[in-house]
Amino acid sequence: MDSAATALQLQVQDLNARYVQAIDDDRLEAWPDFFAQDGRYRVTTAENVERGLPLGMIYATSRPMLRDRVRSLRDANVYEAQRYRHVIGPPLIAHQEGRAVHAHTSFIVARIMHTGETTLFATGRYHDHVVIDDGKPRFAEKIVILDSRLIDTLLAIPL
Amino acid sequence: MDSAATALQLQVQDLNARYVQAIDDDRLEAWPDFFAQDGRYRVTTAENVERGLPLGMIYATSRPMLRDRVRSLRDANVYEAQRYRHVIGPPLIAHQEGRAVHAHTSFIVARIMHTGETTLFATGRYHDHVVIDDGKPRFAEKIVILDSRLIDTLLAIPL
Amino acid sequence: MDSAATALQLQVQDLNARYVQAIDDDRLEAWPDFFAQDGRYRVTTAENVERGLPLGMIYATSRPMLRDRVRSLRDANVYEAQRYRHVIGPPLIAHQEGRAVHAHTSFIVARIMHTGETTLFATGRYHDHVVIDDGKPRFAEKIVILDSRLIDTLLAIPL
């Protein structure tokens, strides 16, 4: 692994580490800025991906749409009742085109209720397309592929 | 940490990241290729290691034996009913001999049932001996040391 | 990310990987040596941090105090009944002053009882101040910020 590949891998790792930290810190207003202006964010399941099912759960196709989403979450006031903790594994670089890169990162998310009860909430993998946008690495696309099909209650939550 | 040590650490990390991705993606046929031709794969428990007990659960001592194992799993058709998600921590280089390296990596595995139910399935540590074989890093030995003594039901599953 | 930043990030990652390995291996006597001579170790909750509450749960403000703590744990003989497994995410460098660095690292801890039962025990984040002390990276301060408010039973356990 040469030093350019090392730097790239750490750059993707750092982007996801900052991304999940913002979510876990409830700094949702910072969430859209991890995406490019026309960045896409999608949540789906491994089962749907394997079946080639159409992308049923597109959440947003631009940064303004992500901002709207955050505002809705704040208005609905549902987010504050619990806390999340993501732990991510090392990124795998799938392929690279110039300064853009496609990478896969496994994650596990714990949910901590206001009572203190902690449960294993979600597991899965990020399929990320990372580009340099406005001088910083950002997601041109982030696909969150959940291992479980039980995602109804997840719909409200950035993952 | 110099750049050679950095490169080595990332190489081991990358190997394990690809290894667990293959398992989590149910690409079991790719699993033996992460091992050297005469690579050894063993699953044991922390308790057995501490007691110095003989290596009771050797699964395979060569790549062909690992291939047999995968075929058995496919024939038994037990593997498809659930899904796994490994998250691994950073590798610790225990020692290095030329281009061979011994490293330790903590892991946690979630199991996702067909119903969607997700549980904490296994935790432990990989003790890996990584060599360059056929031009690629592969496991000369991979010892999976499980924290729990309850491993009966694990026997079928590559970890 | 230049090579100096890469080296720094891996140095912090390596320190925490060795730190959690010592705990998970029950090598508690090695635990104080991860701290500088006057290193501080504190466990608190995210809720307390957000409320700006005074630092109620300071465990130790020096390496000798950490050693005392380990002796108490050994005398009380409570630690051996279970096993822990930490998995840490990548470190985020918050800021750097010369050779000292402040970094954040997410963690998840599983507890494995003597019976083999495994549960999700704790999640949270390390806020570390890492310095070079006696030629090695060590913690000048390690703040363990737990996500859950239910920490009564944690008090005995190094995290």
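Whatever comes next refers back to the structure up there.
## Describing the overall build of chain A
Moving on, step 1. Along its length, chain A carries 3 helices and 7 strands.
Moving on, step 2. In terms of overall dimensions, chain A is globule-like: its C-alpha atoms have a radius of gyration of 15 Å, near the 15 Å expected for 159 residues.
Moving on, step 3. The principal-axis extent of the C-alpha atoms belonging to chain A is close to 50 × 30 × 30 Å.
Moving on, step 4. Residue pairs at least 24 apart in sequence account for 58% of intrachain contacts in chain A once pairs closer than 6 positions are excluded.
Moving on, step 5. Looking at chain A as shown, the accessible area adds up to about 6,700 Å², and 51% of this sits on carbon and sulfur atoms.
Moving on, step 6. One finds the centroid of the 19 positive side-chain charges in chain A at a distance of 1 Å from the centroid of its 21 negative side-chain charges.

## Some thoughts on the packing of helix α1 (residues 3-24) of chain A against helix α1 (residues 3-24) of chain C
Moving on, step 1. The geometry of α1 of chain A relative to α1 of chain C is characterised by a closest axis approach of 11 Å and an angle of 60 degrees between their N-to-C directions. As the angle between them shows, α1 of chain A and α1 of chain C are arranged oblique. Between α1 of chain A and α1 of chain C lies a crossing of left-handed hand. For the pair α1 of chain A and α1 of chain C, contact is made by Thr-6, Leu-10, Gln-13 and Asp-14 of chain A and by Thr-6, Gln-9 and Gln-13 of chain C, respectively.
Moving on, step 2. Here the residues of the contact of α1 of chain A with α1 of chain C are counted per class, giving 1 nonpolar, 5 polar and 1 charged.

## Overview of the interface of chain B and chain C
Moving on, step 1. If you look at the interface, chain B gives 25 residues, while chain C gives 24 residues.
Moving on, step 2. Taken over both partners, the interface formed by chain B and chain C buries close to 2,000 Å², and the fraction arising from carbon and sulfur atoms is 58%.
Moving on, step 3. Inspection of the region where chain B meets chain C yields 3 salt bridges.
Moving on, step 4. A salt bridge links Arg-83 of chain C to Glu-50 of chain B, with the nearest nitrogen and oxygen atoms 3.2 Å apart.
Moving on, step 5. Scanning the region where chain B abuts chain C turns up 9 residue pairs in polar contact (both at pLDDT 80 or more).
Moving on, step 6. When the residues that make up the side of chain B that touches chain C are grouped by side-chain class, the tally is 11 nonpolar, 9 polar and 5 charged.

## Concerning the interface of chain A and chain B
Moving on, step 1. Every contact between the two is made by 25 residues of chain A and, on the other side, 24 residues of chain B.
Moving on, step 2. Of the roughly 2,000 Å² buried at the junction of chain A and chain B (both faces included), carbon and sulfur atoms supply 58%.
Moving on, step 3. Note that Asp-25 of chain B is salt-bridged to Arg-125 of chain A, the shortest N-O span being 3.0 Å.
Moving on, step 4. Applying the counting rule to chain A against chain B returns 9 residue pairs in polar contact (both at pLDDT 80 or more).
Moving on, step 5. Counting residues per element, the ones that place at least two in the side of chain A that touches chain B are α1, α2 (46-50), β3 (82-88), β5 (100-113) and β6 (118-133) of chain A.

## Some words on the packing of aromatic side chains
Moving on, step 1. Counted by the stated rule, this structure contains 33 aromatic pairs over all chains.
Moving on, step 2. Between Tyr-19 of chain A and Phe-35 of chain A, the ring centres sit 6.2 Å apart and the planes meet at 70 degrees, which makes this aromatic pair edge-to-face. On the criterion of sequence distance, the pair formed by Tyr-19 of chain A in helix α1 and Phe-35 of chain A in strand β1 (residues 35-45) is long-range, its members being 16 residues apart. Grouping residues by exposure puts Tyr-19 of chain A and Phe-35 of chain A together as buried.
Moving on, step 3. A ring pair is formed by Tyr-19 of chain C and Phe-139 of chain C, whose centres lie 5.4 Å apart and whose planes are at 85 degrees; its orientation type is edge-to-face. Taken together, the positions of Tyr-19 of chain C in helix α1 and Phe-139 of chain C in strand β7 (residues 136-146) put the pair 120 residues apart, joining distant regions of the chain. Each of the two residues, Tyr-19 of chain C as well as Phe-139 of chain C, counts as buried.

## What to know about the pairing of strand β4 (residues 92-97) of chain C
Residue and element names in this part refer to chain C.
Moving on, step 1. In this structure, β4 lies alongside strand β5 (residues 100-113), joined through 5 bridges in antiparallel fashion. Residue pairing in the sheet places Glu-97 in a bridge with Ala-100 of β5.
Moving on, step 2. Hairpin connection between β4 and β5: a loop of 2 residues separates the two successive antiparallel strands, and Gly-98 in this loop has a positive phi of roughly 60 degrees.

## Structural notes on unusual backbone geometry
Moving on, step 1. Located in the positive-phi region is Asp-26 of chain B, a residue other than glycine, with phi close to 60 degrees.
Moving on, step 2. Among the structural elements, Asp-26 of chain B can be located in the loop between α1 (3-24) and β1 (35-45).
Moving on, step 3. Phi at Asp-134 of chain C is positive, roughly 55 degrees, even though this residue is not glycine.
Moving on, step 4. When you line up the elements, Asp-134 of chain C lands in the loop between β6 (118-133) and β7.

## Quick word on the relation of the copies chain B and chain C
Moving on, step 1. Overlaying chain B with chain C gives an RMSD of 0.0 Å, the required rotation being 120 degrees about an axis along which the chain moves by 0.0 Å. Taken together, the rotation and translation relating the two chain copies correspond to the operation of a three-fold axis. Identified as the residue of chain B closest to the rotation axis by C-alpha distance is Gly-89 of chain B, at 3.7 Å.

## Considerations on the pattern of salt bridges
Moving on, step 1. On inspection of all chains with the given rule, the structure shows 48 salt bridges over all chains.
Moving on, step 2. Between Arg-138 of chain A and Asp-133 of chain A there is a salt bridge whose closest N-O contact spans 3.3 Å. This pair shows no difference in class: Arg-138 of chain A is buried, exactly as Asp-133 of chain A is.
Moving on, step 3. With its nearest N and O atoms 3.4 Å apart, the salt bridge here joins Asp-25 of chain C to Arg-27 of chain C.
Moving on, step 4. Put simply, Asp-24 and Arg-85 of chain A together with Asp-147 of chain C are held in one network by salt bridges that share partners.

## Points about helix α3 (residues 63-76) of chain A
Residue and element names in this part refer to chain A.
Moving on, step 1. With 14 residues, α3 extends 20 Å between its outermost C-alpha atoms, agreeing within 8% with the 20 Å of an ideal straight helix rising 1.5 Å per residue.
Moving on, step 2. Among the residues of α3, Arg-63, Leu-66, Arg-69, Val-70 and Leu-73 are the ones counted as buried. All buried residues of α3 project into a common sector of 110 degrees when viewed along the axis, lining one side.

## So, the environment of Tyr-126 of chain C
Moving on, step 1. Following the sequence through the fold, Tyr-126 of chain C ends up in strand β6.
Moving on, step 2. The spacing of Tyr-126 of chain C and Glu-97 of chain C is 29 residues in sequence and 19 Å in space, taken between C-alpha atoms.

## Some remarks on α1 of chain C
Residues and elements named next belong to chain C.
Moving on, step 1. With 22 residues, α1 should reach 32 Å at 1.5 Å per residue; the first-to-last C-alpha distance of 31 Å fits that figure.
Moving on, step 2. Burial runs high along α1: 16 of the 22 residues are buried.
Moving on, step 3. Asp-26 sits one or two residues past α1 and shows a positive phi near 60 degrees.

Definitions and limits used
Sequence order as written defines residue numbering, which begins from 1 separately in each chain. Naming scheme: in the order in which they are written, chains are lettered from A and ligands are numbered from 1. Selection of residues for local features in this predicted model requires a pLDDT of at least 70, selection of side-chain atom pairs for listing and counting requires 80 or more, and totals for whole chains, interfaces and linings are taken over all residues. Only hydrogens and water are removed before side-chain values are computed, so all heavy atoms of the structure are retained for them. Secondary structure counts use DSSP, requiring at least four H or I residues in a row for a helix and at least two E residues in a row for a strand, with both numbered from the N terminus. Here the radius of gyration uses the C-alpha set of atoms, whereas the globule reference equals 2.2 Å times the residue count to the power 0.38. Should any heavy atoms of two residues lie within 4.5 Å, those residues are counted as being in contact. In short, Shrake-Rupley with a 1.4 Å probe defines the accessible areas, and a residue's cover is counted only from the protein chains shown. Note that His is not counted, nor are the chain ends; the positive residues are Lys and Arg, and the negative ones are Asp and Glu. By convention, the charge on Lys lies at NZ, on Arg at CZ, on Asp at CG and on Glu at CD. Orientation is described by lines fitted to C-alpha atoms, with helices fitted over the stretch in contact, and by angles between N-to-C directions that extend from 0 to 180 degrees. Just so you know how the angles are binned, under 35 degrees is roughly parallel, over 145 roughly antiparallel, 65 to 115 roughly perpendicular, and the rest oblique. Handedness of each helix crossing follows the sense of rotation of the near helix against the far helix: counterclockwise by less than a right angle gives left-handed, clockwise gives right-handed. Three classes are used, and their members are as follows: Ala, Val, Leu, Ile, Met, Phe, Trp, Tyr, Cys and Pro are nonpolar, Asp, Glu, Lys and Arg are charged, and the others, Gly among them, are polar. In short, buried area is how much 1.4 Å probe accessible area vanishes from two parts on joining, totalled over both. Throughout this description, the term salt bridge denotes a Lys or Arg side-chain nitrogen within 4 Å of a carboxyl oxygen of Asp or Glu. In protein, a polar contact means a hydrogen-donor-capable atom and an acceptor-capable atom, both N or O and within 3.5 Å, with residues adjacent in sequence counting only if both atoms are side-chain atoms; elsewhere, any N or O pair within 3.5 Å suffices. Only the six-membered ring of Trp is used, alongside the rings of Phe and Tyr, when aromatic pairs are assigned; centres must lie within 6.5 Å, and planes under 30 degrees apart are stacked while those over 60 apart are edge-to-face, with the rest tilted. Summary of the burial criterion: residues with accessible area below 20% of their type's maximum are buried, those above 50% are exposed, and those between are partly exposed, where the area comes from a 1.4 Å probe applied to protein chains only. Pairing between strands requires that DSSP locate at least two bridges from one strand to the other. We place the copies in one frame by least squares, fitting the C-alpha atoms of every residue whose pLDDT is at least 70 in both. What a helix should span is 1.5 Å times the count of its residues minus one. Read the arc as the range of directions from the helix axis to the C-beta atoms.

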